[in-house]
Amino acid sequence: MISLSKYIVVTGGVVSSIGKGITSASIGRILRSYGVDVTAIKIDPYLNWDSGTLNPYQHGEVFVTEDGMETDLDLGHYERFLDVNLSGKSNITTGKVYSSVIDHERKGDYLGSCVQIIPHITNKIKDMIRKIANESHAEVVLVEVGGTVGDIESQPFLEALRQLRNEEGHDNVMVVHVTYVPYLKAAGEFKTKPTQHSTKELRSTGIIPDMIICRSELPMDQPLKNKISHFCDVEREAVINTPDVHSIYEVPLILNQEHVGEYVINRIKLETGKQDLEEWKKVVNALQQDEYQVNVGIIGKYVELEDAYMSIRESLKHAAAHVGIKVNIEWIQAENKINEEKISHLDSILIPGGFGERGISGKLEAVRYSLQHQVPLFGICLGMQCMVIEFARLNGLDDAHSTEFNPETPYPVIDLMEEQKKIKNIGGTMRLGSYPCQLKEGTMAKDAYGEKEVSERHRHRYELNNDYREILQEKGLIISGTSHDDFLVEMVELKDHPWFLGCQFHPEFKSRPNKAHPIFVSFLEATLLNHKQKSMHND
Ligand code: GLN
């Protein structure tokens, strides 16, 4: 099965965490600016089937796709930079490849042959890649290989990609190797040796890079690029430098200045229209606003690693650009005691999603503070559940809780969803992916969206317990969004509060730099208002 798409394979060298995902997404954005239809695949060479069961401290946030797959956070970059919705199949893991091959073996599909890495695993990898290419009808498929060249785990993938290049032909596949070029202060110079070594390592797999993108702290000069071109045997104009920038959204502009688009278009012989990067430039400019600075506190359990809340952080940036302000995020550890001293300077509070009891009491304290001091509060998934619990407690339902944290609570205002009660396996069994949500007339939610029905992505097992719907409403809680059949509560808010809104879904997965999410926008408008009122009060 040969595909109609062309491929750009992106590998990494020297060290991890150099922004390979952002670099590939930026190449995609540049091609999009020429009118090329692009999709992306992220290969994660770990044995987990998906990233759903991974601790956020290991790999950052779990990004949920429309079709309900729990994937690597790089898919979030791709969706945001390319402005497309990706299928969960776009995240290929060693776990998915091997389990599929073993399934076939059990069914007897290999007709007595000995099942091996080459050809069975490598064929499976190529099939998965081509399937996405064919289903998406994209002209170009970016294939980012996670990890660093030389890792044992990625070898079967590199071998499969080497074969893919031969099968699809030289004009249809190119390889971009992203490396790191350190600057040694003591020697006063950049060092290219690690890049030379990792390129050599890549070549030893039979893959020859067409382009080397050098990440560095400071800008590199032309003689240094020439040296890399010479030692790594890559054309001079294909040695690209991306020094550290203030905002990840600037990376497409940097790559564009380095003429990456032209090189790629010539190398894989793409037919394109004229380039138009204007909209992206506008987005980047808007993101640099800083006339009004507001302080938003995010109260979570994994705050030491911002990547654990990547999509929320990015959604706040998009919404800030839309409102014309700058958001300073203060990361607050929910496991420590939350008191007035810690949060009274904040203009608003956001409680993100999460699992497990650690940090719950801090989150509940933050909800109480918001209720008692009229501070805007946005609760996402577990955040909304905490809002409901604390609201219930303050309204006479003492010790109300979620059965996730206290199965013996007298008032289980948050409880396991019916369909979850029989489930035994942890992986991939939550309520996952996109579901419609209908909005109630006259609510903040409806005003913000401006639509009667929206569709948002979910990842949870618990829900607002319908047995408490009536009593909570009597106490003043407004149910502003429900599932299609009105059975599940999707959004709650309060009337006598400047902005108190919780949603059971994760709006952060749908925000884009050019299309800020309406709920985040509404939240930041309330944040700005609170900021202005506080400043007037202090003057
Ligand atoms: N732990 C809660 C649940 O499973 C919330 C999940 C989340 O915040 N993503 O319902």
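So, how was this worked out
Counting from 1, residues in each chain are numbered in the order their sequence is written. Predicted model: local features are reported for residues with pLDDT of at least 70 only, side-chain atom pairs are reported and counted for 80 or more only, and whole-chain, interface and lining totals are derived from all residues. Values reported for side chains reflect all heavy atoms of the structure, with hydrogen atoms and water molecules removed beforehand. When DSSP finds two or more bridges between a pair of strands, those strands are recorded as paired. Only DSSP runs of H or I covering at least 4 residues are called helices, and only runs of E covering at least 2 are called strands; the numbering of each starts at the N terminus. Between N-to-C directions, angles span 0 to 180 degrees; the directions come from axes that are lines fitted to C-alpha atoms, helices contributing only their stretch in contact. In this analysis, two residues are considered to be in contact whenever any of their non-hydrogen atoms come within 4.5 Å of each other. Within this document, salt bridges are pairs made up of a side-chain nitrogen of Lys or Arg and a carboxyl oxygen of Asp or Glu, the two lying within 4 Å of each other. The cut-offs for exposure are 20% and 50% of the maximum accessible area for each residue type, with area from a 1.4 Å probe on protein chains only; residues under the lower value are buried, those over the upper are exposed, and the others partly exposed. Here a cavity denotes a set of grid points, spaced 1 Å apart and computed over the protein atoms alone, in which a 1.4 Å probe fits but from which it cannot get out, and a pocket denotes an open set meeting protein on both sides within 12 Å along at least five of seven lines; residues with an atom within 4 Å of a point are reported as lining. Grid points are joined across faces, edges and corners, and a volume is the space filled by probe spheres set on the points. Any residue that is not Ala, Val, Leu, Ile, Met, Phe, Trp, Tyr, Cys, Pro, Asp, Glu, Lys or Arg is counted as polar, Gly included; the first ten are nonpolar and the last four charged.

K.L.:
Summarise the sheet that holds strand β19 (residues 453–460); cite the residues concerned and give the values.
P.N.:
The nine strands are arranged β13-β12-β14-β15-β23-β22-β21-β18-β19 in an open sheet whose pairing can be described as mixed. Each edge of the open sheet carries a strand with a single partner, namely β13 (326–333) and β19. Here the strands of the sheet are splayed against their neighbours by 25 degrees on average, with no regard to which way each runs. Against the sheet, helix α15 (residues 382–394) engages β14 (348–351), β15 (377–380), β21 (477–483), β22 (489–494) and β23 (500–503), with an angle of about 120 degrees to β15.

K.L.:
Please provide a residue-by-residue account of the pattern of salt bridges, values included.
P.N.:
Summed over all chains, the structure comprises 36 salt bridges. Between Glu70 and Arg459 there is a salt bridge, with the nearest N and O atoms lying 2.6 Å from each other. With Glu70 in strand β4 (residues 70–71) and Arg459 in strand β19, this residue pair connects regions lying 389 residues apart in the sequence. Of the residues examined, Glu70 reaches a relative accessible area of 2% and is grouped as buried. A relative accessible area of 12% places Arg459 in the buried class. Note that Glu159 and Arg162 form a salt bridge whose closest N and O atoms lie 2.9 Å from each other. In this pair, Glu159 and Arg162 both sit in helix α6 (residues 155–168), three residues apart, roughly one turn of the helix. A residue is classified by how much of its surface remains accessible, and Arg162, at 26% relative accessible area, is partly exposed. Among the charged side chains, a salt-bridge network with shared partners connects Glu66, Glu79, Asp83, Arg457, Lys510, Arg512 and Lys515.

K.L.:
Give me the lowdown on the layout of surface pockets, citing residues and values where you can.
P.N.:
Quantified by volume, the second largest pocket comes out at close to 630 Å³. Mapped by element, the contributors of at least two residues to the lining of the second largest pocket are α15 and β19. Residue composition of the lining of the second largest pocket, grouped by class: 15 nonpolar, 10 polar and seven charged.

K.L.:
Give a description of the environment of Ile380 that names residues and reports values.
P.N.:
Within the secondary structure, Ile380 is located in strand β15. Distance from Ile380 to His506, taken between C-alpha atoms, is 6.2 Å for residues 126 residues apart in sequence. The contacts of Ile380, once residues within four sequence positions are left out, are Ile312, Leu350, Ile351, Pro352, Gly353, Cys503, Phe505, His506, Pro507, Glu508 and Phe520.

K.L.:
So what about the environment of Glu271? Which residues, and what values?
P.N.:
Counting through the fold element by element, Glu271 comes out in the loop between α10 (260–267) and α11 (278–286). Relative accessible area serves as the criterion here: at 75%, Glu271 is assigned to the exposed category. Between the C-alpha atoms of Glu271 and Tyr34, which are 237 residues apart in sequence, the distance is 9.3 Å.

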